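Here are the chains, one letter per residue:
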Amino acid sequence: MLKEFKRPQKLMGNAFEITVVSDDEKTANSHIDAAIEEIRRIEKLLTTFSDESQTNLINKNAGIKAVKVDWEIFDLIERSLRISKITDGYFDISYGGIDKSFWNFDKEMKQLPDPDVIKKHLKLVDYQNIILDRKNQTVFLKEKGMRIGFGGIGKGYAAEMAKRMLQNRGVVSGIVNASGDLTTWGNQANGKPWTVGIADPDNSKRPFSYMNITDMAVATSGNYEKFVVINGKKYSHTINPKTGMPVSGVKSVTIFCPNAEIADAMATPVSIMGIDAALNMVNQINHLECIIIDDQDRIYSSQNINLKN
């Protein structure tokens, strides 16, 4: 008898939940253990909080020298740069140059940071200054003080890798949910497709719509979880890498795509680049769909979305 086995786990600073469909609890648990180990391995690789991580080595040597890295990091950076090109730089892993201390989004924050200070830091944000050398397997950040970070793609990458690992272990269906960025494959234990709720930005506990999905990843970026209000205006924790300022005007973006890494990476630029430009871009990319809700609660969706309430 097939059953769903779930386990919540804090990983990469986020609440993950791994679900596998199996007829045996012991087997299911060993699969979930393996998936958790895989996500921990990726966290070690990508974190900027550990001196040992390759990401940190790249940042420490910015403007000094190229750093030899594992192929896994090299390829992830290469894919990130490809997404930067497609999104006209609205996705940019070199956003690490915008100091977090400007935007800590805590209750203490009463005013916007000084635009001149932000301008100075923005000079360091430019994906075109991330130089990859495939022959030597190196990464070089051209400017001193530049920093890369995988906050916009890391969770999706980890979810995708955990899913692949579970599939390789023979798990025919399941979900890896990385704090709202999730990837599904196969069907529920009862044979029906997985159902995901699209969060209502004004009430994240209550979905405004449901979609049946299988072999599909979903990523959501919204200002309803982390934001500050300054002079009556709501600023989301998503920073526009071109201005250094937080985004306003869009409440939430939900991306659908077969690959969790791409879904995660696309959620940020779609919420930043302006609704028309975002829809235009999404409609040109195969197997990519989105739903956008603006500050006036208007709902926009790409060409192939059919919403069920």
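Look a little higher up for the structure.
The shown structure was predicted, so the numbers you read here are calculated from the model rather than taken from an experiment. (Residues numbered from 1 in each chain as written. Predicted model: local features only at pLDDT ≥ 70, side-chain atom pairs only at ≥ 80, totals over all residues. Heavy atoms only, no water.)

**Describing the overall build of the chain**
Test applied: For the purposes of this entry, the term helix denotes a DSSP run of H or I that reaches at least four residues, the term strand denotes a run of E that reaches at least two, and both are numbered from the N terminus. Computation of the radius of gyration draws on C-alpha atoms alone. For the globule rule, the value is 2.2 Å times the number of residues to the power 0.38. Each residue is placed in one exposure class: buried if its accessible area under a 1.4 Å probe, protein chains only, is under 20% of its type's maximum, exposed if it is over 50%, and partly exposed if it falls in between. In this analysis, two residues are considered to be in contact whenever any of their non-hydrogen atoms come within 4.5 Å of each other. Under the convention used here, a 1.4 Å probe and the Shrake-Rupley method define accessible areas, while residue burial counts only the protein chains that appear.
Along the backbone of the chain there are seven helices and 15 strands. For 309 residues, the compact-globule estimate of 2.2 N^0.38 gives 19 Å, and the C-alpha radius of gyration of the chain, at 20 Å, lies within 12% of that figure. With respect to the principal axes defined by its C-alpha atoms, the chain has extents near 60 × 50 × 40 Å. For the chain, with 309 residues in total, the buried portion stands at 51%. Restricting the contact set of the chain to residue pairs at least 6 apart, pairs at least 24 apart contribute 61%. When the accessible surface of the chain is totalled, it reaches about 15300 Å², and 49% of it is carbon and sulfur.

**Some words on the sheet that holds strand S3 (residues 67–68)**
The criterion, for reference: Strands pair, by our definition, only if DSSP identifies at least two bridges between them. An axis is simply a line fitted to the C-alpha atoms; with a helix, the fit covers only the stretch in contact. Between two such axes, the angle follows the N-to-C directions and lies from 0 to 180 degrees.
Read across the open sheet, the three strands follow the order S3-S5-S4; overall the sheet is antiparallel. Two strands close off the open sheet at either side, each with one partner strand: S3 and strand S4 (130–133). Relative to strand S5 (residues 138–141), S3 runs antiparallel, the two being bridged by two bridges. The partner of valine 67 across the bridge, within S5, is valine 139. Across the face of the sheet, helix H3 (residues 71–86) comes into contact with S4 and S5 while running at roughly 130° to S4.

**Topic: the environment of alanine 277**
Mapped onto the elements, alanine 277 comes out in helix H7 (residues 275–283). A residue is classified by how much of its surface remains accessible, and alanine 277, at 37% relative accessible area, is partly exposed. Along the sequence, alanine 277 and threonine 48 sit 229 residues apart, while their C-alpha atoms lie 32 Å from each other.

Treat this as a map of the structure, not an account of what it does.
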